[in-house]
Amino acid sequence: MPFNLSLAEREAAGLKRTLPAIDRVDGRSLYSDGKQFVNFAGNDYLGLSRAPELREAAERAARDYGVGAVASPLVVGHQAIHRELESELCDWLGLESVMLFSSGFSANQAVIKALLSKEHTLWQDRLNHASLQEAGLLSPARMVRFAHNDMTALEKKLKPSAGLIVSEGVFSMDGDMAPWAELTRLANGSGNWLMIDDAHGLGVLGEEGRGTLAEQGLEASSVNIFMGTFGKALGVSGAFVGGSRELVEYLHNFGRSYIYSTHLPPPQAAAVLAAVRLVRKADDRRAHLRALVAQFRNGVAELPLQLLPSATAIQPLVAGEEAATLTLAAALKQQGLWTGAIRPPTVPKGSARLRITLSAAHTQADVQRLTDALHSAL
Ligand SMILES: *Cc1c(COP(=O)(O)O)cnc(C)c1O
């Protein structure tokens with residue numbers, strides 16, 4: 001193959017990735033190679049991927065609609081179940097209009113590529129998700145990155161009425177939140193648009209699980225574009241973009257990854273709809289998750305590793321070196337505990353880490369096993 005130069009380099013640097021051989025996984029358990037592990041590496045924060053309500057909704061929709069959407073949304077793919085999900089999302093989050101995407105990655109591509117042209121600027125947090133960074137690189141807009149959550153740095157770089165500021169609700173590799181009151185103030189003051197990608201806040205934070213904005217006492221209408229995904233706390237997959245009716249109509253016409261892609265399968269839309277209904281009433285699951293987060297943080301406070309300041313389900317332990325991170329993950333695996341060893345280029349050089357994620361599906365005993373194993377491995 002004439003294209004494998006960078007793969008060889010990655011391998012030489014010990015950074016080549018391969019797919020793990022997973023047999024089956026849910027919010028709590030993972031089966032690999034005939035062995036069972038406790039899963040601390042997923043994003044099923046509320047344990048919904050196996051919830052009977054979601055499975056039954058998917059089964060019913062498979063019977064009523066079939067398993068495929070048959071076409072892209074603008075042709076004939078957009079059906080009653082999709083409209084029902086859209087109106088539930090509007091009602092839940094207080095949005096005027098929403099549209100559905102097969103993935104968060106394609107939603108971010110559609111928004112940023114369709115809205116911005118070369119006279120615009122896109123300001124993004126340096127730690128924004130790869131889908132946002134990549135959308136920025138592909139868009140003709142000028143991309144300006146600012147230091148993580150540094151509002152003074154952002155303010156210095158802002159120009160009036162020139163484009164879009166985008167940040168995450170909860171940062172996927174660090175678990176901390178962006179300061180949305182401050183972002184709103186800067187966007188309003190400079191006449192720029194503001195977009196949230198709340199993949200990791202939605203479902204977990206705020207009243208009814210409405211996400212990071214609700215957690216920080218803000219309405220969905222304080223941003224121009226609200227993007228969220230269905231593959232994390234909602235336990236399924238897919239995404240939505242919400243905002244004004246005008247924004248959604250515009251993206252129906254110019255969002256290429258929306259227009260030229262087969263619509264969400266009806267069983268998926270039905271499962272997401274069941275998930276949203278469940279999440280709105282899931283205060284018990286959210287309280288259990290918060291208790292596990294507190295238990296974990298207490299349990300590892302004394303370890304010689306940097307625990308990042310996160311109050312969310314994402315609890316990174318930074319080991320620094322790649323080798324140390326891999327050794328630690330392997331020791332935990334020996335104890336039946338599966339954690340994510342995250343290395344560059346996913347995170348900055350020198351900040352390799354265990355990305356430990358907690359789920360309402362875990363028990364206190366699961367978390368105790370993890371903290372005990374970390375103490376004995378270090
Ligand atoms: C997971 C994630 C995405 C991508 O969503 P998918 O539906 O998995 O494609 C986008 N943004 C953030 C912040 C994410 O964590």
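Residues numbered from 1 in each chain as written. Predicted model: local features only at pLDDT ≥ 70, side-chain atom pairs only at ≥ 80, totals over all residues. Heavy atoms only, no water.

S.K.: How would you sum up the side chain of aspartate 174? Please name residues and give values.
M.R.: By secondary structure assignment, the location of aspartate 174 is in the loop between β7 (163-168) and α8 (180-190). By relative accessible area, aspartate 174 is classed as buried at 14%. Excluding its chain neighbours within four sequence positions, the residues that come into contact with aspartate 174 are Leu127, Leu308, Ser310, Ile314, Pro316 and Arg353. (Helix = DSSP H or I, 4+ residues; strand = E, 2+ residues; numbered from the N terminus. Buried < 20%, exposed > 50% of the residue type's maximum accessible area, 1.4 Å probe, protein only. Contact = heavy atoms within 4.5 Å.)

S.K.: With reference to specific residues and values, describe the site of the ligand.
M.R.: Of all residues adjacent to the ligand, which total 14 residues, the nearest are Gly104, Phe105, Asp197, His200 and Lys232. Within the side chain of histidine 200, a nitrogen or oxygen atom sits 2.5 Å from an oxygen atom of the ligand. Within the side chain of lysine 232, a nitrogen or oxygen atom sits 2.8 Å from an oxygen atom of the ligand. Contact with the protein chains covers 83% of the free accessible surface of the ligand, which is 380 Å². Per-element tally for the shell around the ligand: the top contributor is helix α5 (residues 104-115), with 3 residues. Counted by class, the shell around the ligand contains 2 nonpolar, 9 polar and 3 charged residues. (Near = heavy atom within 4 Å. Polar contact = N/O pair within 3.5 Å; in protein donor to acceptor, adjacent residues only side chain to side chain. Areas by Shrake-Rupley, 256 points an atom, 1.4 Å probe, with all protein chains shown as cover. Nonpolar A, V, L, I, M, F, W, Y, C, P; charged D, E, K, R; others polar.)

S.K.: How would you sum up the packing of helix α4 (residues 80-93) against helix α12 (residues 266-280)? Please name residues and give values.
M.R.: The contact between α4 and α12 brings their axes to 9 Å, and the two run at 25 degrees. In terms of axis orientation, α4 runs roughly parallel to α12. Judged by the twist between their axes, the crossing of α4 over α12 is left-handed. Across the interface between the two elements, Ile81, His82, Glu84, Leu85, Glu88, Leu89, Asp91 and Trp92 from α4 touch Pro266, Ala269, Ala270, Val272, Leu273, Val276, Arg277, Val279 and Arg280 from α12. (Axes fitted to C-alpha atoms, helices over the stretch in contact; angles between N-to-C directions. Parallel < 35°, antiparallel > 145°, perpendicular 65-115°, else oblique. Left-handed = near helix turned anticlockwise from the far one by under 90°.)

S.K.: Describe in detail the nonpolar core, supporting the description with residues and values.
M.R.: Core analysis: the largest hydrophobic core is formed by 80 residues, its most contacted members being Phe226, Phe240, Phe296, Leu317 and Leu374. Top contributing element to this core by residue count: α12, with 10 residues. Of the domains in this structure, domain 1 (3-50 + 283-377) and domain 2 (52-279) are the two that each give at least three residues to this core. Once residues within four sequence positions are removed from consideration, phenylalanine 296 is found in contact with Leu307, Gln315, Leu317, Ile356, Leu358, Val367, Leu370, Thr371 and Leu374. Judged by nonpolar contacts, the second largest core, of 23 residues, contains Leu116, Leu122, Ala135 and Val248. (Core = buried A, V, L, I, M, F, W, Y, C linked by side-chain atoms within 4.5 Å. Domains from an automatic or database assignment.)

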